[in-house]
Amino acid sequence: MLRTHTCGELRLIDVNKEVTLAGWVQRVRNKGGLIWLDLRDRYGVTQLIFEEGSTDKVLLDKAASLGREFVVRTTGKVIERTSKNDKLPTGDIEVKASSLEVLNAAKVPPFIIEDETDGGDELRMKYRYLDLRRNVVREKLQLRHRMMQETRKYMDAQSFIEVETPVLIKSTPEGARDFVVPSRVNPGEFYALPQSPQTFKQLLMVSGFDRYFQIVKCFRDEDLRADRQPEFTQIDCEMSFVDQEDILNTFEGLVRHLFTNVKGVELGGIERMTFADAMKYYGNDKPDLRFEMKFVELNELAQGKGFAIFDQAELVVGICASGAGEYTRKQIDALTEWVKRPQIGAKGLVYVKCNEDGTFKSSVDKFYTQEDLKAWAERANAKAGDLILVLSGDAKTTRKQMSELRLKMGEELGLRDRNVFKPLWVVDFPLLEWDEETQRYHAMHHPFTSPKKEDIPLLENDPGAVRANAYDLVINGVEIGGGSIRIHDRPTQQLMFKHLGFSDEEAQKQFGFLMEAFEYGAPPHGGIAFGFDRFCAIFGGSDSIRDYIAFPKNNSGRDVMIDSPSTIAEEQLKELSIALALRKE
Ligand code: ASP
């Protein structure tokens, strides 16, 4: 090694040792005859000292000439500091340098490489390798590393075998667009990158692997958001001879293992909720259970009293924001404007303040007596000092709007503490979901998900009511994982494709290999996949998964550091037998 110690290692007991350190110059403080230099590496920062008189002039001048981020190596003696820095683990000592070697010079970095930086997002993305030198950024990737190691430990101990599946495949329907790769040796043909290893892990079950997992890259061409990247990582798992209960228990074990060993948090039990209840009480299939604020339906209490907007509504629904009864006119107006923004789309917001003296003040006082409002408050479990917020309209849209408002109120009232973790299994998802645009049913999870046996007769006449053996893991309102018990016989799989609007030929062309495999002794099986980047972000207490990815893409799916995607040479296109003619529409 070019060094005897790291920059995070030396303590008082090392005083008088002759050491050699190497690292980056974080800062030089030049007080004339006295120079302090902070030397940084992954492990920490150590202060070097160069002093006129005891340090020779050449060395002093050399130290003075160093710029930020120069890579240097120094040898010297560890001495006790006269003024100690208790914020630094190495703050009791410094190294009195006797030699200094510049291993590499550095241009002035485009932003300050310290915990607090002056660099904007785009700039830091362009120079991601410099951003990664910052502790706060690197620590996120170290958290990811820990989670990966602990995942492998748990899965291995549970007899799961890690198997790699191919990246050049054909379409796996997870509901997004595919990224495609042209084949040179098969002109005019394309591979698709896996949206998930779904079909392969099922084939491994047919092969008798019994328990499979993989920490794997998946690719989905979707519009990007803070919690979405075009390439992301899953902990992908599959098991044979299991029912839903076995899967939930096995992976509750994984979640618990990670919380204990990475985060030092002991989870209570993981609650369960049906999809139907999640929608009814939270308007959302991934409710944030760090706070209650359940929906209360007010239809029979609020209708028939002459308020036309409520009378015409399919649903009148309220939430009780505890302790928000003191909200001012201005605050309530701001909330009203907030729900009226196009992103939420509500027409208005009705409020009822539960006054300390037992009276009620509402925006619809004209239509409702104190008795009426008291009945609402009782239904909503509201006490003096609370605020009831009510939305109305068609049921589906109103639930969605109320779900947003609930989260907003949770935020405003400080109920979404990042250090509190409320995991939840959402179960009994519908098998199919009606898509207005294409006017047909889509698989809500994916087409390999099995319907609940008792619901199969509904498939013909009421497909929307069929429930699936499908489940999601939600933590603090974020979907962290999802899976299902699969179909494992050809006739049921064929029936499923039929209901999804595939012709026999299409189903055969796309998934014939899987249906054929089912004819060679496929065991009952099921599985789950966790969004690993999101899992890391939840552990790190952040909304964005980008920070947990070493080299992420920006909002337009671009890597601004390597400048990709980019055009390719005419020669490459020729080899691929491709002529470019971009469509304008
Ligand atoms: N392949 C599914 C997904 O990516 C997960 C699963 O069903 O196991 O969401």
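Not measured: the values here are computed from a predicted model.

Visitor: Give a description of the UniProt feature "binding site: ATP" (unreviewed entry) in the protein that names residues and reports values.
Guide: UniProt tags R220, D221, E222, Q229, E479, G531, F532, D533 and R534 as "binding site: ATP" (unreviewed entry). Checked against the element boundaries, G531 lands in strand β22 (residues 525-531). A relative accessible area of 19% places G531 in the buried class. Other than its neighbours up to four places away in sequence, G531 contacts T233 and I480. For F532, the position within the fold is in helix α16 (residues 532-540). Ignoring sequence-local partners within four residues, the contact set of F532 consists of R144, M147, M148, T151, T233, Q234 and I235.

Visitor: I'd like to hear about the packing of aromatic side chains, residue by residue, with values.
Guide: Per the stated rule, a full pass over the model turns up 21 aromatic pairs. Plain terms: the ring middles of F310 and W376 are 6.1 Å apart, the flat faces sit at 40 degrees to each other, and that makes the pair tilted. With F310 in helix α9 (residues 308-311) and W376 in helix α11 (residues 370-379), this residue pair connects regions lying 66 residues apart in the sequence. A relative accessible area of 0% means that W376 is categorised as buried. Seen from their ring centres, Y368 and W376 are 4.9 Å apart, and the 65 degrees between their planes marks the pair as edge-to-face. The pair formed by Y368 and W376 is uniform in burial state, with each residue classed as buried. Site record: aromatic cluster; members linked through ring pairs are F160, F251, F259, F421, F530, F535 and F539. Positioned above the aromatic ring of Y281, the side-chain terminus of K294 is 4.8 Å from the ring centre. Seen from the ring of F291, R406 lies directly overhead, with NZ or CZ sitting 4.0 Å from the centre.

Visitor: Kindly report on the UniProt feature "binding site: L-aspartate" (unreviewed entry) in the protein, identifying the contributing residues and their values.
Guide: According to UniProt, the positions carrying the feature "binding site: L-aspartate" (unreviewed entry) are E174, R220, H445 and R486. Residue position: E174 is located in the loop between β6 (161-162) and β7 (180-182). For E174, a relative accessible area of 16% gives the class buried. If we ignore the near neighbours within four places in the chain, the residues touching E174 are Q195, S196, Q198, R220, H445 and H446. Looking at where R220 falls in the secondary structure, it is placed in the loop between β9 (211-219) and β10 (231-240).

Visitor: Account for the site of the ligand, naming residues and giving values.
Guide: The immediate surroundings of the ligand are formed by 14 residues, with E174, Q198, K201, H445 and R486 found nearest. Here a nitrogen atom of the ligand and a side-chain polar atom of E174 are 2.6 Å apart. Residue R220 places a side-chain N or O atom 2.9 Å away from an oxygen atom belonging to the ligand. When the ligand sits alone it has 270 Å² of accessible area, and the protein chains cover 93% of it. Those elements giving two or more residues to the shell around the ligand turn out to be α5 (198-206), β21 (478-485) and β22. Residues that form the shell around the ligand fall into these classes: 2 nonpolar, 8 polar and 4 charged.

Visitor: Which residues make up the nonpolar core, and what values do they have?
Guide: Of all hydrophobic cores here, the largest spans 39 residues; its most connected members are F251, F530 and F535. At 7 residues, the largest contribution of residues to this core is made by helix α6 (residues 244-263). By size, the runner-up hydrophobic cluster in this structure holds 28 residues, among which are Y282, L431, I487 and F497.

Visitor: Lay out the pairing of strand β17 (residues 423-427) with the relevant residues and their values.
Guide: Successive residues of a regular strand alternate their side chains across the two faces of the sheet. The buried fraction of β17 amounts to 5 of the 5 residues, a majority that puts the element mostly inside the structure. Residue alternation in β17 divides its side chains into two sets, P423, W425 and V427 and L424 and V426, and both sets are buried. In this sheet, β17 lies alongside strand β11 (residues 271-274) in parallel orientation, the contact comprising 4 bridges. Directly across from M273, in β17, lies its bridge partner V426. For β17 and strand β20 (residues 470-475), the ladder comprises 5 bridges, and the chain directions are antiparallel. Bridge pairing in β20 links W425 to L473.

Visitor: An account of the sheet that holds β22 is needed here, citing residue identities and associated values.
Guide: If you walk across this open sheet you meet the 8 strands as β6-β9-β10-β22-β21-β20-β17-β11, and the pairing is mixed. Of all the strands in the sheet, the pair left with one neighbour each is β6 and β11. Here β9 pairs with β10 via 9 bridges, running antiparallel. Considered in β10, the bridge of K217 is made with T233.

Visitor: Residue-level account of the environment of V102, with values.
Guide: For V102, the position within the fold is in strand β5 (residues 93-104). Separated by 470 residues in the primary sequence, V102 and Q572 have C-alpha atoms spaced 42 Å apart. In contact with V102, not counting residues within four places along its chain, are L66, F70, V71 and V72.

Visitor: Describe the state of the cysteines, naming the residues involved and giving the relevant values.
Guide: Using the criterion set out here, one finds 0 disulfides in the structure. Between C237, a cysteine without a disulfide, and C218, which holds the nearest cysteine sulfur, the sulfur-to-sulfur distance is 11 Å. Here C536 is not cross-linked by a disulfide; its sulfur's nearest cysteine counterpart is in C218, at 14 Å. Assessed through its relative accessible area of 0%, C536 is described here as buried.

Rules of the game
- Residues numbered from 1 in each chain as written.
- Predicted model: local features only at pLDDT ≥ 70, side-chain atom pairs only at ≥ 80, totals over all residues.
- Heavy atoms only, no water.
- UniProt positions renumbered as here; feature names shortened; annotations may be inferred.
- Helix = DSSP H or I, 4+ residues; strand = E, 2+ residues; numbered from the N terminus.
- Buried < 20%, exposed > 50% of the residue type's maximum accessible area, 1.4 Å probe, protein only.
- Contact = heavy atoms within 4.5 Å.
- Phe/Tyr/Trp six-rings, centres within 6.5 Å; stacked < 30°, edge-to-face > 60°.
- Lys NZ or Arg CZ within 6 Å of the ring centre and 35° of its normal.
- Near = heavy atom within 4 Å.
- Polar contact = N/O pair within 3.5 Å; in protein donor to acceptor, adjacent residues only side chain to side chain.
- Areas by Shrake-Rupley, 256 points an atom, 1.4 Å probe, with all protein chains shown as cover.
- Nonpolar A, V, L, I, M, F, W, Y, C, P; charged D, E, K, R; others polar.
- Core = buried A, V, L, I, M, F, W, Y, C linked by side-chain atoms within 4.5 Å.
- Pairing = 2+ DSSP bridges.
- Disulfide = S-S within 2.5 Å.

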